[in-house]
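Descriptive structure summary
Each chain is listed here by its residues.
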2 protein chains.
Amino acid sequence: MTARTSGSAPAGPGRRDTRQRRLLRDQLSRQEAFVSAQQMYDDLRASGDRVGLATVYRTLQAMTEAGELDVLRSDDGEVLYRQCGPQHHHHLVCRSCGVTVEVDGPAVEKWAAKAGEAHGFTEVTHVVELFGLCAACSRASR
Amino acid sequence: MTARTSGSAPAGPGRRDTRQRRLLRDQLSRQEAFVSAQQMYDDLRASGDRVGLATVYRTLQAMTEAGELDVLRSDDGEVLYRQCGPQHHHHLVCRSCGVTVEVDGPAVEKWAAKAGEAHGFTEVTHVVELFGLCAACSRASR
DNA sequence: CCTTGTAACGAGAATCGTTCTCAATAGTAG
DNA sequence: CTACTATTGAGAACGATTCTCGTTACAAGG
Ligand SMILES: [Zn+2]
Ligand SMILES: [Zn+2]
Ligand SMILES: [Zn+2]
Ligand SMILES: [Zn+2]
């Protein structure tokens, strides 16, 4: 027996501070928009950083499970990630550039819960996302 | 020149009444739940009907573009289809059996439009879906 | 009915995002 | 510094969806 003698340090997956994880965390904290794993991978590559695609996928998933990222699925089926604030909110996403604004909608929450009950459903969750063209992209497309 | 002499009968894609399309339309009109192309394919196969997978995908897509079907993406990324009523509505979907109830939420529509404007977004659309366990599935899982 | 032009089919190959495998690498506690 | 093992990454494997292209079969004319 060599490592871990007593029940103190919580060893196990997800706790090592690696170069790859630092890179991803940094890039995410700098992002305004929702981005895909592929985009993250390409961007890191472009800036000369060496990271494996599988690692990007794994890390993004792990962070999501840990509640550090919000997920969204684009129309063409790609999974997009974003580092958001901690409170419950919804997203107003630009269809063109991905820029995202966090918005809240207390009315929606209530409506959702009520609608669920009314039909005998339990454990009701809701998916509420808004898509549009941000001010900048609206202007650009005129 | 043989077919189409004058500018009357709108020839072109999407208008032939084939056995496969009838089968799909029939099965969809009998479905309470959102279903995937694969499921449709399997079900048709199971009931002895001969249909190609590509045809199922193509037809479902065409019907969707024609506004005859509503689309939804499952958590694991599959596209699900359902024949719904013509008016704008949202869905309360059972996570377990897929059974769906159409619900409306005037409050949500307003909130969405307003939130969009407030941040300078244009052409705002919304995705609002509710997921839960239907009464039957809630009972079964106790 | 029979003929035609072509929309629609379908089997299988090709895409594409994502996940898995497994040998090599590198945090970390001691 | 060493040992233990979490993590990585190249490439194979997957699964849903799309594409290809030779064959089939609607449906308008004749
Ligand atoms: Zn968010
Ligand atoms: Zn934009
Ligand atoms: Zn619907
Ligand atoms: Zn159910």
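As the structure is a prediction and not an experimental result, all values here were calculated from the model.

Rules and cut-offs
- Residues numbered from 1 in each chain as written.
- Chains lettered and ligands numbered in written order.
- Predicted model: local features only at pLDDT ≥ 70, side-chain atom pairs only at ≥ 80, totals over all residues.
- Heavy atoms only, no water.
- Donors = N, O, S within 2.8 Å, 3.2 Å for Na, K, Ca; no water.
- Tetrahedral: all angles 85-135°; square planar, octahedral: opposite > 155°, others 65-115°.
- Buried < 20%, exposed > 50% of the residue type's maximum accessible area, 1.4 Å probe, protein only.
- Pairing = 2+ DSSP bridges.
- Helix = DSSP H or I, 4+ residues; strand = E, 2+ residues; numbered from the N terminus.
- Contact = heavy atoms within 4.5 Å.
- Buried area = accessible area lost by both parts, 1.4 Å probe.
- Salt bridge = Lys/Arg side-chain N within 4 Å of Asp/Glu carboxyl O.
- Polar contact = N/O pair within 3.5 Å; in protein donor to acceptor, adjacent residues only side chain to side chain.
- Near = heavy atom within 4 Å.
- Nonpolar A, V, L, I, M, F, W, Y, C, P; charged D, E, K, R; others polar.

1. Here we look at the coordination of the zinc ion (ligand 1)
Residues and elements named next belong to chain A. In the first shell of the zinc ion (ligand 1), the protein supplies Asp-70 (OD), Cys-84 (SG), His-89 (NE2) and His-91 (NE2), at 1.9 to 2.2 Å from the metal. Around the zinc ion (ligand 1), the four donor atoms sit at angles spanning 95 to 124 degrees, and that spread fits a shape best called tetrahedral. Linear spacing of the donor residues for the zinc ion (ligand 1) on their chain is D-x13-C-x4-H-x1-H. Taken as a pair, Cys-84 and His-89 share a single burial class, namely buried.

2. Observations regarding the pairing of strand β3 (residues 79-82) of chain B
All names here are of chain B. As paired strands, strand β1 (residues 35-36) and β3 are joined by two bridges and run antiparallel to one another. Each residue of the ladder has a partner; that of Val-35, found in β3, is Tyr-81. In this structure, strand β2 (residues 70-73) lies alongside β3, joined through four bridges in antiparallel fashion. Bridge pairing links Asp-70 to Arg-82 in β3. Turn length for the β2-β3 hairpin, with the two strands adjacent in sequence and antiparallel, is five residues, and the turn residue Gly-77 shows positive phi of about 90 degrees.

3. Quick look at the interface of chain A and chain B
It is common to give the size of an interface as the accessible area that goes away when the parts come together. Listed as interface residues are 38 residues of chain A and, on the opposing side, 38 residues of chain B. Carbon and sulfur atoms supply 66% of the area that chain A and chain B bury against each other, a total of about 2,800 Å² over both sides. The largest contributions to the chain A side of the interface with chain B come from Trp-111, Phe-121 and Leu-130 of chain A, which together make up 24% of the buried area. Taken together, the links from chain A to chain B amount to zero salt bridges. The interface formed by chain A and chain B holds 18 residue pairs in polar contact (both at pLDDT 80 or more) in total.

4. Considering unusual backbone geometry
In the Ramachandran plot, Glu-123 of chain A falls in the positive-phi region, its phi being about 50 degrees despite a non-glycine side chain. Tracing the backbone through its elements, the reader meets Glu-123 of chain A in strand β6 (residues 122-133).

5. Describing the protein's contact with DNA strand C
Of all residues adjacent to DNA strand C, which total 27 residues, the nearest are Tyr-57 and Gln-61 of chain A together with Gly-14, Thr-18 and Arg-58 of chain B. Separating a phosphate oxygen of DNA strand C from a side-chain N or O atom of Gln-61 of chain A is a distance of 2.6 Å. Side-chain polar atom of Gln-20 of chain B to a sugar or linking oxygen of DNA strand C: 2.7 Å apart, as the coordinates give it. Those elements giving two or more residues to the surface near DNA strand C turn out to be α3 (53-65) of chain A together with α1 (19-30) and α3 (53-65) of chain B. Residue contributions to the surface near DNA strand C peak at five residues, all from α3 of chain A.

6. What to know about the protein's contact with DNA strand D
Within the structure, DNA strand D sits among 28 residues, and Gly-14, Gly-52 and Arg-58 of chain A together with Tyr-57 and Gln-61 of chain B are positioned closest to it. Within the side chain of Thr-55 of chain A, one N or O atom sits 2.8 Å away from a phosphate oxygen of DNA strand D. A distance of 3.0 Å is found between a phosphate oxygen of DNA strand D and a backbone nitrogen or oxygen belonging to Asp-17 of chain B. Elements with a minimum of two residues in the surface near DNA strand D: α1 (19-30) and α3 of chain A together with α3 of chain B. Of the residues forming the surface near DNA strand D, the biggest block, five residues, is contributed by α3 of chain B. A per-class count over the surface near DNA strand D returns seven nonpolar, eleven polar and ten charged.

7. Description of the coordination of the zinc ion (ligand 4)
Residues and elements named next belong to chain B. Surrounding the zinc ion (ligand 4) are the protein donor atoms Cys-94 (SG), Cys-97 (SG), Cys-134 (SG) and Cys-137 (SG), at 2.2 to 2.4 Å. Each of the four donor atoms around the zinc ion (ligand 4) contributes to a set of angles spanning 102 to 113 degrees, which defines the coordination as tetrahedral. When the donors of the zinc ion (ligand 4) are listed by position in the chain, the intervening gaps give C-x2-C-x36-C-x2-C. Here Cys-97, found in the loop between β4 (90-94) and β5 (100-103), pairs with Cys-137, found in helix α5 (residues 135-140); they are 40 residues apart in sequence, far enough to count as distant.

From the geometry alone we can't say anything about function, so treat these as descriptive.
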